[in-house]
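So the chains spell out like this:
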Amino acid sequence: MNRATRVSEEVAASPLAVQGLTVSYDHRPVVYSVDYVTPPGSMTAIVGPNGAGKSTLLKAAMGITRRLTGDVRVFGQPIERMSRHIAYVPQRNSIDWDFPATVIDVVTMGLFRNLRWWQFTRRHHREQAMESLARVGMEAFAERQIGQLSGGQQQRVFLARALTQQAELTILDEPFAGVDAATEKAIVEVLKRLREEGRTLLCVHHDLATVRDYFDQVLLLNVRRIAAGPVEEVFTERHLQATYGGRLSTVQLARLVDDQVPVTLGSA
Amino acid sequence: MSDFMMFSLVPLTVAVVISMTCALLGNFLVLRRQSLIGDAISHVALPGIVVSFLLTGTLASTAMMLGAGASALGTVAMIELIRRLGRVEISAAMGVTFTSLFAVGVLLLEWHQASGVHLDVEHALYGNLESLIWFDGTGPAALFDPVALADLPPQLARVVWVGLVVAAFVVVFRRQLILGSFDPDFAASVRSYPALVDLLLVTMVAVAAIAAFEAVGSIIVIAMFICPAAAARLMTNRLRAQIAWSQLFAVVSAVLGYLLAGQGLGWLGFDVSVSAAGTIATLAGVILLLACLWGPHRHRTGVAASP
Amino acid sequence: MEIWWRALTFTLGYNTSLVTVGSMLLGAAGGMIGSFVLLRKRSLVSDAISHATLPGLALAFILAGLWQGDGRWLPGLLLGAALSAAVGLWAVQTISARTRLGEDAAIGAILSSFFAFGVVLITVIQSMQVTGQAGLTGYLVGATAGMLAAEAQLIALCALGLLLAIFVMRRSFLLVCFDAEFARTQGVSTGRVDLLMLLLLMAVVVIGLKVTGLILIVALAIIPPVTARFWTDRPLRMVALAALLGAAAGYLGVTLSSVQEGLPTGPLIVLAAFALFMVSFLFSPWRGVLAALLAYQRFRRRVHVRQGLLALAREESIFDNLTLKLLQRQGYIRRDGVATLPGRAAARDAEHEERLWALYRERHPDDALQQEHSGLTPLAQVLSPDAIMALEAQLPPKPEGGR
């Protein structure tokens, strides 16, 4: 029996569909039985309190962390064969930035899959990397040692590396953590442009105030999936309360939810 | 000249090749902050060799290299098991593993002392570079004489082979090594199999450690792994340049160390020669000391990024 | 066999008994200080310290040899060892604090280059006209056979003193290990306490050189604490237990080595400690591997069965082979994947439970978050029957068809 044919059309079209994904450390579930079908061409925020398993969910989906159970598909195919369609931006502070590498070295790492071991990085590879750097406004820093960059600049370099991967789906882990306002704006611009090109974005996000401005889909997560869907339907007081419990004050909640700003993504 | 050919050519070549091989791998150990894996693996070289000798009854290269590979994988497996299943911190897990295995090695060695193993504890700790004498190396002509060449100590061919294998490994896997050292999560996401590359690196370290074992012993080889690479790290911010510096430091400490050991005290008026391996490693340490004091890139960058 | 029995019961003469007692005290001191160092995550610093003793040892030997013709003068050797270990320790600290190199590289570089320098000095000694050279090997892998009574007394006394010092300092050590920030707000100088901790570690290492040898002494500071960790979560108990385990390892090792002439003491002590470790690692009912593996397997099966049952209830297809196998084994599905009667009943129950949980989470989000649950715990274990009844009453009618 051919399993690939049995997936639904929704899953077949989705750049990342997870079903029943469970990850545990020491038989304590960190992520429990999460289902999520990423709509193609969407920009999804994964939102939840600290320790809710947001990063773990993504890492397990990509096969970086081992999953206990669960099925992960990319365009209906098992992810093991399809991982080249995914670009990944890890958390910036998981990295030793004292590493002896320049900005261009890091961005070229995005071409890893295109280069066999006997090949050297040629001029066109370099140009591809420079193009990505230009998209994040960092082309002037190409030869800079990565340790000399500010937090925001480091994040842009990571984004540039993901751009060179030219993947259908880009997964970002807290891209706005600890970056300056200018960088945040620049990154959002790049992400929106990617979405206009029809690519899909999946992003761990911790700033509830900007969810409505930046994203069109949201997955509320606290070990389990609390709710998921279009921001205007799902990003509600009831769901946030269920996600964060008493950790969000009523005032905070009211400010987030009563904000009647329409979703501005399309019009940007 | 013939004295040099007979007594010094082979030890010197072996020392240079071993130092360069170990320093090459050391670059990645230092970058991954895994220098202590090198420490653990070199300690485990002893039981690896003793066990493979007891099993096969020979100290031939193949048996020893297989023993090296097996002992490296065994060590890593044991460390990982203790770390993951026992939830023990990694350096403590290493400490438990390598001290126990080293103890096994020493005991086995003492136990079988009578059965004529050409090894003893001191030998295992200091090595014996000076014993690599080329009896037929009576003059420059011997270099072209197949009969004389056949008489070369087998250790020379062994370290050259290992050097070539290690160099090939680093060239072929350079991208995986760099990627896995810098950003293992990203490496896993692009299917560069960082865990597997890690294991290969550790295996290479074990192979190099065993090849070096007979010549320099299991402790001094740690200096070969770490000191040149660590000193090189303080000289530059570019990986290629770092590797080049490490190779330079390795050659300098090997050549200078060997000469000093043989002649150094003679210049001071004492008629003794001291352990060449020890002197080489001491010099490597001195080079590191100088780099710590004056290396142009001795300070950290990117501190702002750490949380 | 009989000789071992006599060794075990301290009836093999004054010297052997003294050595045994000394090793036990040493093991206890190593286990105690090692526990703190382990909690501070700096276990392998002791490896650097122990290897760094060699040049001092050799220099002291040379000086003593030049002065009195025989290099074996234990107090002098220990003093030399302590001095060079202190230099090594200082170098490790300075390199990892002042340069970009990590502590791992600093430890590796210092231990190997100091040891190498020691080897150079030993080859110098070998060319000198000094007696007692063979005694130096004993410092590499440990030799208690033929130890003088005075030496054994010195070791035992020093170990006892260290044990007392560590005991006195235990609370400050613990405070710093547990929460250095908090300790600082309490007016504790963490730098000074850390330094004292490492100095005591160094003293244990130096005292133990003759017993286990410098390569293996590090095991006394690592293995017993790691072993103790398997049996308790309370730090002071762990320290006490590590002391006991260290003493046991010293006792077993020294007595074993007195049985067979010429077997080095160090490896035997280490292997005794390792045997205790393996037993704890495998069989400790709390953190042991067997217990953990069993718990993991049980948990994995529960997750698979639960997810499989929910999929059955929602009439979704199941892809996971393990899930299919487990459901089949429990008689919930037939070979062709169709649910059996009990399977359907179990699926209904699972879904009902799931909906109750969901409702509970919705109605009482704060309480639900307090429970570290995954929904796997039966609700009956979390809530009183009354509360469940109340939930049941609020449960909306089941919507038709899937989710």
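Residues numbered from 1 in each chain as written. Chains lettered and ligands numbered in written order. Predicted model: local features only at pLDDT ≥ 70, side-chain atom pairs only at ≥ 80, totals over all residues. Heavy atoms only, no water.

Per an unreviewed UniProt entry, chain A goes by Metal ABC transporter ATP-binding protein and derives from Halomonas flagellata. Recorded in UniProt for chain A, the comment headed Sequence similarities (unreviewed entry) runs: "Belongs to the ABC transporter superfamily." (UniProt positions renumbered as here; feature names shortened; annotations may be inferred.)

Caption draft 1: Seen up close, the environment of A:Gly70. Mapped onto the elements, A:Gly70 comes out in strand β4 (residues 69–74). For A:Gly70, a relative accessible area of 22% gives the class partly exposed. Here the alpha-carbon distance between A:Gly70 and A:Ser33, two residues 37 residues apart in the chain, equals 7.3 Å. Contacts of A:Gly70, omitting those with residues within four sequence positions, involve A:Gln19, A:Gly20, A:Leu21 and C:Asp320. (Helix = DSSP H or I, 4+ residues; strand = E, 2+ residues; numbered from the N terminus. Buried < 20%, exposed > 50% of the residue type's maximum accessible area, 1.4 Å probe, protein only. Contact = heavy atoms within 4.5 Å.)

Caption draft 2: Quick peek at the sheet that holds strand β10 (residues 224–230) of chain A. Residues and elements named next belong to chain A. Ordered by their spatial adjacency, 6 strands build an open sheet running β6-β7-β8-β3-β9-β10, and the pairing between neighbours is mixed. Edge strands, defined here as strands with exactly one partner in the open sheet, are β6 (86–89) and β10. The average undirected angle you get between the axes of adjacent strands in this sheet is 15°. As paired strands, strand β3 (residues 43–47) and strand β9 (residues 217–222) are joined by 4 bridges and run parallel to one another. Residue Val47 lies in a different strand from β9, and its bridge partner there is Leu220. Contacts from helix α6 (residues 151–164) reach β6 and β7 (169–173), with the element oriented near 170° to β6. (Pairing = 2+ DSSP bridges. Axes fitted to C-alpha atoms, helices over the stretch in contact; angles between N-to-C directions.)

Caption draft 3: Structural context of the pattern of salt bridges. Under the criterion given, the structure shown has 22 salt bridges over all chains. Where A:Arg199 meets A:Glu197, a salt bridge forms, and the shortest distance between an N and an O atom there is 3.3 Å. Overall, A:Glu197 belongs to the partly exposed group, its relative accessible area being 42%. Within the structure, one salt-bridge network assembled from shared partners comprises A:Asp98, B:Arg233 and C:Arg100. (Salt bridge = Lys/Arg side-chain N within 4 Å of Asp/Glu carboxyl O.)

Caption draft 4: Main features of the interface of chain C and chain B. Across the boundary between the two partners, chain C contributes 55 residues, which contact 61 residues of chain B. For the pair chain C and chain B, the summed buried surface comes to about 4,700 Å²; carbon and sulfur atoms form 74% of the total. Interface area lost by chain C to chain B is led by C:Leu44, C:Arg100 and C:Asp104, which between them contribute 17%. At the boundary of chain C with chain B, the tally comes to 0 salt bridges. The tally of links from chain C across to chain B stands at 13 residue pairs in polar contact (both at pLDDT 80 or more). Listing elements by their share of the side of chain C that touches chain B, those giving two or more residues are α3 (45–51), α5 (74–98), α6 (103–126), α7 (134–141), α11 (217–229) and α13 (265–283) of chain C. (Buried area = accessible area lost by both parts, 1.4 Å probe. Polar contact = N/O pair within 3.5 Å; in protein donor to acceptor, adjacent residues only side chain to side chain.)

Caption draft 5: Broad picture of the nonpolar core. Judged by nonpolar contacts, the single largest core of 265 residues is most densely connected at B:Leu25 and B:Phe225. Residue contacts for B:Leu25: discarding those within four places in its chain leaves B:Val166, B:Phe169, B:Val170, B:Leu201, B:Met204, B:Val205, B:Ala208 and B:Phe225. A:Val18, A:Ile64, A:Ile79 and A:Val204 belong to the second-largest nonpolar core, a separate cluster that totals 27 residues. (Core = buried A, V, L, I, M, F, W, Y, C linked by side-chain atoms within 4.5 Å.)

Caption draft 6: Up close: the domain arrangement of chain C. For chain C, the domain assignment lists domain 1 (2–283) and domain 2 (290–394). Averaged C-alpha coordinates put domain 1 of chain C and domain 2 of chain C at centres separated by 54 Å. (Domains from an automatic or database assignment.)

Caption draft 7: Structural detail: the sheet that holds strand β1 (residues 17–25) of chain A. Residues and elements named next belong to chain A. With antiparallel pairing, the 4 strands of this open sheet are ordered in space as β2-β1-β4-β5. Two strands close off the open sheet at either side, each with one partner strand: β2 (28–37) and β5 (77–78). Where β1 and β4 come together, 4 bridges link them in antiparallel fashion. Counterpart to Val18 in the pairing with β4 is Val72. Where helix α2 (residues 54–62) meets the sheet, it contacts β1, β2 and β4, and its direction lies at approximately 115° from that of β1.

Caption draft 8: Focus on the pairing of β7(A). Residues and elements named next belong to chain A. Of all 5 residues making up β7, 5 are buried, and the element is well covered by its neighbours. Of the two faces of β7, both are covered, the one formed by Leu169, Ile171 and Asp173 as well as the one formed by Thr170 and Leu172. Direction of pairing for β6 relative to β7: parallel, over a ladder of 4 bridges. Within β7, the position partnered with Ala87 by the bridge is Thr170. As judged from the 5 bridges shared by β7 and strand β8 (residues 200–204), these two strands associate in the parallel manner. Residue pairing across strands places Leu172 opposite Cys203, the latter belonging to β8. Handedness of the crossover joining β7 and β8 through helix α7 (residues 181–196) is recorded here as right-handed. (Right-handed = clockwise from strand over helix to strand, strands pointing away.)

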